[in-house]
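Okay, here's what each chain looks like letter by letter:
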Amino acid sequence: DGEKFDPNVLKILNVLNPDFIWKIDVSKATFYLGTLGVYLQRNRIKYIAIENNELEFLSKEDVDKEINSIKNILKYYQMIEGSAEEKNPSIYKRKVIRVNHSGLFIPEKIELLSKVEKSYLIGHLINLKDFSKQEIRTEKEGILLQIRRKDTISTGDFIYSISEE
């Protein structure tokens, strides 16, 4: 998208060793209004948000990975012994796709960070009134960044996100 990360921020992101990074302009997304990120951005305070699984799906492996990321930052700033490891994760501009109907969403089995073609089958939405089944397909080609778990959803809820090229 032509925009660049502040080199100091990118360095810290690399030291955090994330699987991937998505860049969000929280000031342009009404979904984020009232969040800490918007407050920090408006007050020109630099920050990095770390996102993980919902609590009920958080594994010991997820927690250990976050602990190691924090330890790596402390090593980078020489607050604890050891050398910080750096990773160069892919950076994506994320497009969030929301549903136009409510129902039960049943995702297809697909690996995150897979490249998907336009019209790729992501899952099905079951209407809870008449049990009709609607296919949910990708709007465009890209890298699948997130997909909702099997869940009841309301109109306007997040269902998946894909990279914007």
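What you see is a predicted model; the values in this text were computed from it and never measured.

What counts as what
- Residues numbered from 1 in each chain as written.
- Predicted model: local features only at pLDDT ≥ 70, side-chain atom pairs only at ≥ 80, totals over all residues.
- Heavy atoms only, no water.
- Helix = DSSP H or I, 4+ residues; strand = E, 2+ residues; numbered from the N terminus.
- Buried < 20%, exposed > 50% of the residue type's maximum accessible area, 1.4 Å probe, protein only.
- Contact = heavy atoms within 4.5 Å.
- Areas by Shrake-Rupley, 256 points an atom, 1.4 Å probe, with all protein chains shown as cover.
- Lys, Arg positive; Asp, Glu negative; His and termini not counted.
- Charge placed at Lys NZ, Arg CZ, Asp CG, Glu CD.
- Phe/Tyr/Trp six-rings, centres within 6.5 Å; stacked < 30°, edge-to-face > 60°.
- Polar contact = N/O pair within 3.5 Å; in protein donor to acceptor, adjacent residues only side chain to side chain.
- Core = buried A, V, L, I, M, F, W, Y, C linked by side-chain atoms within 4.5 Å.
- Axes fitted to C-alpha atoms, helices over the stretch in contact; angles between N-to-C directions.
- Parallel < 35°, antiparallel > 145°, perpendicular 65-115°, else oblique.
- Salt bridge = Lys/Arg side-chain N within 4 Å of Asp/Glu carboxyl O.

Caption draft 1: Expanded view of the overall build of the protein. Scanning the protein from terminus to terminus reveals three helices and nine strands. For the protein, with 165 residues in total, the buried portion stands at 30%. Contacts spanning at least 24 positions in sequence make up 57% of the contacts within the protein whose residues lie at least 6 apart. Carbon together with sulfur atoms contributes 50% to the accessible area of the protein, which is approximately 11,500 Å² in total. For the protein, the centre of its 26 positive side-chain charges and the centre of its 26 negative side-chain charges are spaced 3 Å apart.

Caption draft 2: Focus on the packing of aromatic side chains. With the rule as written, the count across this model stands at two aromatic pairs. Taken together, a centroid distance of 6.1 Å and an interplanar angle of 70° make the contact between F20 and Y92 edge-to-face. A residue pair is termed long-range when its members are at least 10 positions apart, and F20 in strand β1 (residues 20-23) and Y92 in strand β2 (residues 90-98) qualify at 72 residues. Here Y92 falls in the buried class, since its relative accessible area comes to 17%. Ring plane angle 80° and centroid distance 5.0 Å describe the contact between Y76 and Y77, whose orientation is recorded as edge-to-face. The exposure class of Y77 is partly exposed, given its relative accessible area of 47%.

Caption draft 3: Representation of the environment of D130. Counting through the fold element by element, D130 comes out in the loop between β5 (121-126) and β6 (133-137). Here the alpha-carbon distance between D130 and L104, two residues 26 residues apart in the chain, equals 12 Å. Looking at D130, its side chain comes within polar contact range of the side chain of S132, at 2.8 Å.

Caption draft 4: A look at the nonpolar core. Counting 14 residues, the largest nonpolar core has F105, I122, I136, I147, I159 and Y160 as the members making the most contacts within it. Only β5, β7 (142-147) and β9 (158-164) provide two or more residues apiece to this core. The greatest single-element share of this core, amounting to three residues, is contributed by β9. Those residues within four positions of I159 in sequence are excluded, and the remaining contacts are I97, R98, V99, F105, I136, I147, R148 and I153. One finds I12, L13, I21 and I73 within the second-largest nonpolar core, a separate group that totals seven residues.

Caption draft 5: Spotlight on the packing of helix α1 (residues 7-16) against helix α3 (residues 60-76). Remark: α1 packs on α3, axes separated minimally by 8 Å, with the N-to-C direction vectors making an angle of 130°. Accordingly, the angle class assigned to the pair α1 and α3 is oblique. Contacts between α1 and α3 involve K11, I12, V15 and L16 on the former and, on the latter, S69, N72, I73 and Y76.

Caption draft 6: Broad picture of the pattern of salt bridges. Under the criterion given, the structure shown has seven salt bridges. The salt bridge involving D64 is made with K60; its shortest N-O contact spans 2.8 Å. Here D64 pairs with K60, and both are found in helix α3, just four residues apart, close to one helical turn. We note a salt bridge from R137 to E135, for which the minimum N-O separation is 2.9 Å. Residue classification places E135 among the partly exposed positions, given a relative accessible area of 43%. Residues joined in a network through salt bridges with shared partners are D19, K65 and K87.

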